[in-house]
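# Descriptive analysis of the structure
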Amino acid sequence: MNFASVQEAQYFLAQNPDIEMVELFILDANGVPRGKLLHREELLAVYQSGRPLPSTILGLTLHGEDVEDSGLVWDVGDIDCRAYPLAGSLVRLHWRQIPTAAVQVSMHPEEGKPANIADPRHVLIKVIDQLKSDGYHPVMACELEFYLLDAKRDANGRPQPALDADGGRPRATQVYGLRELEQIEPFLADLYAACKAQGIPARTAISEYAPGQVEITLEHGDALVAMDQAVRYKRLVKGVAHKHGMQACFMAKPFDDLAGTGMHMHVSLADAEGNNLFASEDPAGTPLLRQSVGGMLKSLLDSLLLFCPNANSYRRFQANSYAPLAPTWGCDNRTVSLRVPGGPANTRHVEHRICGADANPYLAAAAILAGIHRGIREQIDPGAPVEGNGYAQAKELLPTDWLTSLRALERSSWARDALGHEFLGVYLKVKQAEYRQFMGEVGEQDWRWYLTQA
């Protein structure tokens, strides 16, 4: 575990003498940052001896409620578990009114017991270490889509796109529109400045397939580092949007009649020297790439709850929507779930298009990489890549409801072995509690209608 040294904090405080407060946060299984707001004087102690956090912090529902049968509540007396700062995560939050920094922590493997088993970052580290033990070094990048919404609802109480710089409200889709990006330039300027200050490699901005929908790509790199950056980037986007009187929405399908919001994950494998093991003049990549695709497809149903963790997630799955619909793959084809983009041979990789923007990057990446490892070990043939309209050729569809995915993960012996039975034990208790709450709110007769209409 790459925890930070106290010298890192000392240097930061010396370079930022005006900092008054520090947000200490850990990411829970739902991808929600939870933690405490510390005073400047408390920071060095966190680096020296960790910070005690209650065991329940990693066993909460999306609404922040205890899951009593998770094993992290009454059974252990809500014991304190020590978390330590991650190297390089102490950064300034430039958009805050009070001079504030943030630091990400993770549970210590020993001092963090029993909550350490529920730390999603630990799950990803385990999967990466297993790949590296076989000589494969995963390289990843995130593309996160989001809606920029007005902080105020419309006359009917519904969310609406944020106002443009000229005072108008976007109504047309205008995918790839440059004017649309120009109209949110004040937000983008602050966003890119904050990314630069925090060392997050934000690159291309795109006006996406709905009014007010934006995508910004992050540069590829070491898989764990890339997911750390995705986690911090998501918080940064929300913070900068708030400063501008907007709300950044990462729901998978916030509007029934508009495009869903995805988190595309780009992945390849390198050797110890950094050479791309998927590189090939063949558009379909090397045999290793195809085995990796085969493993991801074979593990897809078992992993789907990690890619699409909420009831709302499944509303994305619609034909002719640029969202996935079936366990398919293809070359330079956006109608399939696993796309091998075109380009020079040395850039060959897989774009995993299944995750909603509501997925936890650590867990999604862990499931993707575990599927890849399975495909390599079992030498799974993915079959021929789909050519043309993958929607029209789909023979087997992805589940379009939360319960099917929940049951698939509950039954999966592969997931227990690949991701850890202790982690899955807690995670499934959390998701089961959320499902029961959802059913209580929506009603047994109406829940399938809700998934497509709400």
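Every chain is numbered independently, its residues counted from 1 as its sequence is written. This being a predicted model, a pLDDT of at least 70 is required before a residue's local features are given, and a value of 80 or more before pairs of side-chain atoms are given or counted; all residues contribute to the totals for chains, interfaces and linings. With hydrogens and water set aside, each side-chain value is computed from the structure's full complement of heavy atoms.

Identification of the chain as Glutamine synthetase family protein from Pseudomonas triclosanedens is taken from an unreviewed UniProt entry. UniProt positions are given in the numbering used here, feature names are shortened, and annotations may be inferred rather than shown by experiment. Here is the UniProt Cofactor (unreviewed entry) comment for the chain, exactly as written: "Mg(2+)". The chain has a UniProt comment under Sequence similarities (unreviewed entry) that states "Belongs to the glutamine synthetase family."

## A word on the overall build of the chain
A run of DSSP states H or I qualifies as a helix once it reaches four residues; a run of E qualifies as a strand once it reaches two. Both are numbered from the N-terminal end. For the chain, the count of helices and strands is 14 helices and 15 strands. A radius of gyration in this sense is built from C-alpha atoms; the matching globule rule multiplies 2.2 Å by the number of residues raised to 0.38. Against the 2.2 N^0.38 benchmark of 22 Å for 454 residues, the chain shows a C-alpha radius of gyration of 22 Å, consistent with a compact globule. Summarising its shape, the C-alpha atoms of the chain cover approximately 60 × 55 × 50 Å along the three principal directions. Looking at the chain as a whole, 58% of its 454 residues are labelled buried. When checking whether two residues touch, look at their non-hydrogen atoms; a contact exists if any pair is within 4.5 Å. Within the chain, counting contacts between residues at least 6 apart in sequence, those at least 24 apart form 72% of the total. Residue exposure ignores everything except the shown protein chains as possible cover, and the areas themselves are Shrake-Rupley values with a 1.4 Å probe. Counting every atom, the chain has about 19100 Å² of accessible surface; 49% of that belongs to carbon and sulfur. Only four residue types enter the charge count: Lys and Arg as positive, Asp and Glu as negative, with His and the chain ends excluded. Where a charge lies is defined by one atom per residue type, namely NZ (Lys), CZ (Arg), CG (Asp) and CD (Glu). Looking at the chain, you have 43 positive and 56 negative side-chain charges, and the mean spots of the two groups are 1 Å apart. Buried means the residue's accessible area, taken with a 1.4 Å probe over protein chains only, is under 20% of the maximum for its type, while exposed means over 50%, and partly exposed covers the values in between.

## So, unusual backbone geometry
Note that the residue after K113, namely P114, is joined by a cis bond; omega there is 0°. Checked against the element boundaries, P114 lands in the loop between β6 (100-107) and α3 (120-133). One non-glycine residue with positive phi stands out, namely Q174, at about 50°. Here Q174 is to be found in the loop between β7 (137-150) and α4 (178-183). Located in the positive-phi region is Q379, a residue other than glycine, with phi close to 50°. By secondary structure assignment, the location of Q379 is in the loop between α9 (361-378) and α10 (390-393).

## Concerning the pattern of salt bridges
We count a salt bridge whenever a side-chain nitrogen from Lys or Arg sits within 4 Å of a carboxyl oxygen from Asp or Glu. Inspection of every chain in the model, using the stated rule, returns 24 salt bridges. One salt bridge in this structure joins D154 and R158, with 3.5 Å as the shortest N-O distance. For the salt bridge of K243 with D190, the shortest nitrogen-to-oxygen distance reads 3.2 Å. Linking K243 in helix α6 (residues 223-243) with D190 in helix α5 (residues 185-198), this pair joins segments that are 53 residues apart in sequence. Classification of K243 by relative accessible area gives partly exposed; the value is 47%. The structure contains a network of salt bridges with shared partners spanning D332, R339, E351 and R353.

## Some remarks on the confidence of the model for the chain
Per-residue confidence for the chain gives a mean pLDDT of 92; residues scoring 70 or more make up 97%. Per-residue confidence from the predictor is given as pLDDT, running between 0 and 100. The model gives residues 444-454 a pLDDT under 50, and that stretch makes 25 contacts with residues more than four places away or in other chains.

## Considering the nonpolar core
Taken as a class, soluble globular proteins show a tendency for nonpolar side chains to be buried jointly. The biggest cluster of nonpolar side chains holds 99 residues, and the ones touching the most others in it are M140, F187, L191, Y233, M265, F307 and L369. Among all residues touching M140, those that are not within four sequence positions of it are E219, H220, G221, A223, A226, M227, M265, H266, V267, A365, I368 and L369. Within this scheme, the nonpolar core is defined by two criteria: the residues are buried Ala, Val, Leu, Ile, Met, Phe, Trp, Tyr or Cys, and they are joined through side-chain atoms within 4.5 Å. Core analysis: the next-biggest nonpolar cluster, separate from the first, contains 27 residues, F12, L13, C81 and M107 among them.

## Description of a negative patch on the surface
Surface patches are defined over residues having more than 30% relative accessible area and no salt bridge, joining like charges when they lie within 9 Å and nonpolar side chains (Val, Leu, Ile, Met, Phe, Trp, Tyr) when within 5 Å. A cluster of acidic residues, E65, D66, E68, D78 and D80, forms a negative patch on the protein surface. Residue placement: E65 occurs in the loop between β3 (51-54) and β4 (80-85).

## Some remarks on the pairing of β7
Residues in a regular strand point their side chains to alternate faces of the sheet. Judged by how many residues are buried, β7 sits mostly within the fold: 13 of 14 residues are covered. Across eight bridges, the pairing between β7 and strand β12 (residues 263-270) is antiparallel. Within β12, the residue paired with M140 across the bridge is V267. Note that β7 and strand β10 (residues 221-222) share two bridges and pair antiparallel. Bridged to V139 within β10 is D222. Strand direction decides the pairing type here: β7 and strand β9 (residues 213-218), joined by five bridges, are antiparallel. By the bridge assignment, E145 is partnered in β9 with E215. Any two strands between which DSSP finds at least two bridges are classified as paired. As paired strands, β7 and strand β11 (residues 246-249) are joined by four bridges and run antiparallel to one another.

## Structural notes on the pairing of β6
Of all eight residues in β6, eight are buried, a share of seventy percent or more. By the alternation rule, side chains of β6 split into T100, A102, Q104 and S106 and A101, V103, V105 and M107, which are all buried. Sheet topology note: the strand β1 (residues 21-27)/β6 ladder contains five bridges and is parallel. Directly across from V22, in β6, lies its bridge partner A101. Judged from the three bridges that link them, β4 and β6 form a sheet pairing that is antiparallel. By the bridge assignment for β6, Y84 is matched with S106. As defined by bridge partners, strand β5 (residues 91-93) adjoins β6 across three bridges and the pair is classed as antiparallel. Residue R92 lies in a different strand from β6, and its bridge partner there is A101.

## A few points about the environment of I26
Mapping I26 onto the fold places it in strand β1. A relative accessible area of 1% means that I26 is categorised as buried. For the pair I26 and V6, spaced 20 residues apart in the sequence, the C-alpha separation amounts to 19 Å. Here I26 is in contact with V32, P33, R34, L53, I57, L58, V105, S106, M107 and D119, once residues within four sequence places are set aside.

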